[in-house]
Every structure is written in structure tokens, then in C-alpha cells.
Amino acid sequence: MSLDTRTPFDVEVDAAGSVGLVAEHLAALAEAASRAGAYAATVARWGAELARRYEDGAHLMACGNGGSAAEAQHLTGELVGRFRHDRRPLPAVALCADSAAHTAIANDYGFEEVYARQVTAWGRSGDVLVAFSTSGTSPNVVAAAKAAHEAGVTVWALTGPGPNPLASLADEAVAVEAPTTATVQEIHLSLVHALCVALDHALGVQPSVA
Ligand SMILES: O=C(CO)[C@@H](O)[C@H](O)[C@H](O)[C@H](O)COP(=O)(O)O
């Protein structure tokens, strides 16, 4: 076992050495965010469309890998729970969250099928699949989009720079122009919140009066 012999002073020096890298990361985010207004019209339309579909009894599914799996769960958490203001729970499922189904499908049919099979199980005409992939090439997310179309489910994709296979396959896509996976993910998270803003507006959700 090796002991860390650094003093608190050394650690401060190390931290100072990374300040430039941190600032660079944040500058890339600010730069990407400054261009994200270009996605506003699409996300606002998705919010209004989702509200209309929820009124008709539709469901939302979301999927992605790694950080994008977390984005998928973040979105469905906002919908089943709430965003800024109290409202009824909205039906939404993150397909990455069922570990038993996920591992069984991966084990028995292959990893590419983990989302497609769940989309086929749950998806009904009029539902929406929100598919996250920073590369737009993840085979399991692309397969989910194909399965969605076979089931009459609308696909909205959030990806990194286009063109990419998922964006091309989706009914509509926001292909975020950003230099790294991390920055694309950070803009995707903002767009998840923006979608909730648009949805709640379309549903007429108001701050509750205390
Ligand atoms: O979060 C990160 C990197 O920031 C990683 O976990 C990343 O999400 C994974 O490498 C994913 O497998 C990438 O897949 P995708 O976004 O290209 O579909």
C-alpha cells in the first residue's frame, strides 16, 4: 500500500494546475449554450405536441447509454414526478432503468436489443420515444428507433453533431453542435429542462398558490 505523502499545499498546487482545463471546459459549454437558442423552436413544438399526446392518453419512453441513460432517467423523473410546479404525474419510462429486463434481454438476445425489445413491449401508436445519443451511432439506440417506427411510435432524437444515423432515422432531431461528448450531454440536459418548461406551459401548469 502506498501512502499519499502530499501536503495540503501540494494538493492546492495540483488544483491550480487544472484551473485552465476547467476554465476551458466551461468556456466550451458557454460557447455551445450561446448557440442553443437555435433549438428553441423545435423543443417548444415538442412540448406542445407532448401535451396534446398526453391528453390523448399517450406514454413517453426514453433511452440512451452511459451519460445519456442518466439524461433519459432525468427526463422521465421530471415527468412522473414534477418539474417546477405541482401537476399530475405523467406516464414516462426510462428503458435503461429496469435492470432485470435489461440484463435478460442483453444476455438472451444481445446488447443491441436491450431497448428495441422494450419499445416493442410497451410502445403503442401515438407514444413518443426520446432517444439520446451523443454520437448518434449507438446500435441499441438506433435499433430502438427502428422498433419504435414499427410500433407507430414517434421518435425524437437528441444527438451530437449531425449528420448521424439516429438523427436521420428519427422523426425529428436536435443535433447539438458541440466539440465533446461531455458538452453535448450538458446541452442535452438543458434541453430536457427546456422541454419540461414547454410541456408545463402547454398543459397550463401554474405555480400553486400557498
Ligand atoms: O458519459 C459519458 C461520457 O461523458 C459516457 O458514459 C458515454 O455516455 C458513453 O461512452 C456512451 O456509451 C456513449 O454513447 P452515445 O452517447 O454515443 O450513444
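Described in the following lines is the structure provided in the data block. Note that the structure is predicted; figures quoted are calculated from it, not measured.

Remarks on the side chain of His188
Within the secondary structure, His188 is located in helix H8 (residues 181-203). Residue classification places His188 among the buried residues on the basis of a relative accessible area of 0%. The residues contacting His188, other than those within four sequence positions of it, are Glu71, Phe132, Ser133, Leu158, Thr159, Gly160 and Val176.

Points about the pairing of strand E3 (residues 128-133)
The buried count for E3 comes to six of six residues, which makes it a mostly enclosed element. The alternating pattern of E3 places Val128, Val130 and Phe132 on one face and Leu129, Ala131 and Ser133 on the opposite face, and all of these are buried. Relative to E3, strand E1 (residues 60-63) runs parallel, the two sharing four bridges. Directly across from Leu60, in E3, lies its bridge partner Val128. Strand direction decides the pairing type here: E3 and strand E4 (residues 154-159), joined by six bridges, are parallel. Opposite Val128, over in E4, you have Thr154 as the bridge partner. Once the chain exits E3 it traverses helix H6 (residues 139-150) before rejoining the sheet at E4, and the crossover so formed is right-handed.

Considering the site of the ligand
In the vicinity of the ligand, the contacting residues are Asn65, Gly66, Gly67, Ser68, Ser133, Thr134, Ser135, Ser138, Thr181 and Gln185. Here Ser133 contributes a side-chain N or O atom positioned 2.6 Å from an oxygen atom of the ligand. In the environment of the ligand, an oxygen atom lies 3.0 Å from a nitrogen or oxygen atom belonging to the side chain of Gln185. In isolation the ligand offers 450 Å² of accessible surface; the protein chains occlude 60% of this area. Elements with a minimum of two residues in the shell around the ligand: helix H3 (67-80) and H8. Along the lines of polarity and charge, the residues of the shell around the ligand split into no nonpolar, 10 polar and no charged.

A look at the nonpolar core
The biggest cluster of nonpolar side chains holds 56 residues, and the ones touching the most others in it are Leu60, Leu75, Leu129 and Val130. If we ignore the near neighbours within four places in the chain, the residues touching Leu75 are Leu60, Val130, Phe132, Val192, Leu195 and Cys196.

What about the pattern of salt bridges?
Scanning the model with the defined rule gives six salt bridges in all. Taking the shortest distance from any N to any O, the salt bridge between Asp200 and Arg87 comes out at 2.8 Å. Highlighted residues: Asp200 in helix H8 and Arg87 in the loop between H3 and strand E2 (92-94), separated in sequence by 113 residues. Side by side, Asp200 and Arg87 carry an identical accessibility label, which is buried. Sharing partners across several salt bridges, the network here consists of Glu49, Arg52, Arg53 and Asp56.

Quick notes on the packing of H3 against H8
Viewed as axis vectors pointing N to C, H3 and H8 meet at an angle of 15 degrees, and their least axial separation amounts to 10 Å. As judged from the angle between their axes, H3 and H8 are roughly parallel. Considering only the axes of H3 and H8, their crossing is right-handed. Two secondary-structure elements touch here, H3 through Gly67, Ser68, Glu71, His74, Leu75, Glu78 and Leu79 and H8 through Gln185, Glu186, His188, Leu189, Val192, His193, Leu195, Cys196 and Leu199.

Reading the values: the criteria
- Starting from 1, residues in each chain are numbered consecutively following that chain's sequence as written.
- A pLDDT threshold of at least 70 governs which residues receive local features in this predicted model, and a stricter bar of 80 or more applies before side-chain atom pairs are shown or counted, although totals over entire chains, interfaces and linings include all residues.
- As a convention, hydrogens and water are excluded, and side-chain values are obtained from all of the structure's heavy atoms.
- A run of H or I in DSSP becomes a helix once it reaches four residues, and a run of E becomes a strand once it reaches two; helices and strands are each numbered from the N terminus.
- Only protein chains enter the calculation, and the probe is 1.4 Å; a residue is then buried if its accessible area is under 20% of its type maximum, exposed if over 50%, and partly exposed in between.
- The criterion used for residue contact is that any of the two residues' heavy atoms lie within 4.5 Å.
- In this analysis, strands are considered paired if DSSP registers two or more bridges between them.
- With strands facing away from the observer, any crossover in which the path from the first strand over the helix to the second runs clockwise is taken as right-handed.
- Here a residue is considered near a molecule or strand provided that any single heavy atom belonging to it is located within 4 Å of it.
- Side-chain atoms alone can form a polar contact between residues adjacent in sequence; in general such a contact is a pair of N or O atoms within 3.5 Å, and within protein one must be able to donate a hydrogen while the other accepts it.
- Methods summary: accessible areas were calculated by the Shrake-Rupley approach with a probe of 1.4 Å, and residue burial reflects only the protein chains presented.
- Lys, Arg, Asp and Glu make up the charged group, whereas Ala, Val, Leu, Ile, Met, Phe, Trp, Tyr, Cys and Pro make up the nonpolar group; the residues left over, Gly among them, are polar.
- Working definition of a nonpolar core: buried Ala, Val, Leu, Ile, Met, Phe, Trp, Tyr and Cys residues. They are joined through side-chain atoms within 4.5 Å.
- Definition used for salt bridges: Asp or Glu carboxyl oxygen within 4 Å of a side-chain nitrogen of Lys or Arg.
- The angle between two axes is taken between their N-to-C directions and runs from 0 to 180 degrees, where each axis is a line fitted to C-alpha atoms and a helix contributes only its stretch in contact.
- Oblique is the label for any angle not covered by the other classes, which are roughly parallel (under 35 degrees), roughly antiparallel (over 145) and roughly perpendicular (65 to 115).
- Should the near helix be turned anticlockwise from the far one by less than a right angle, the crossing is left-handed, and should it be turned clockwise, the crossing is right-handed.

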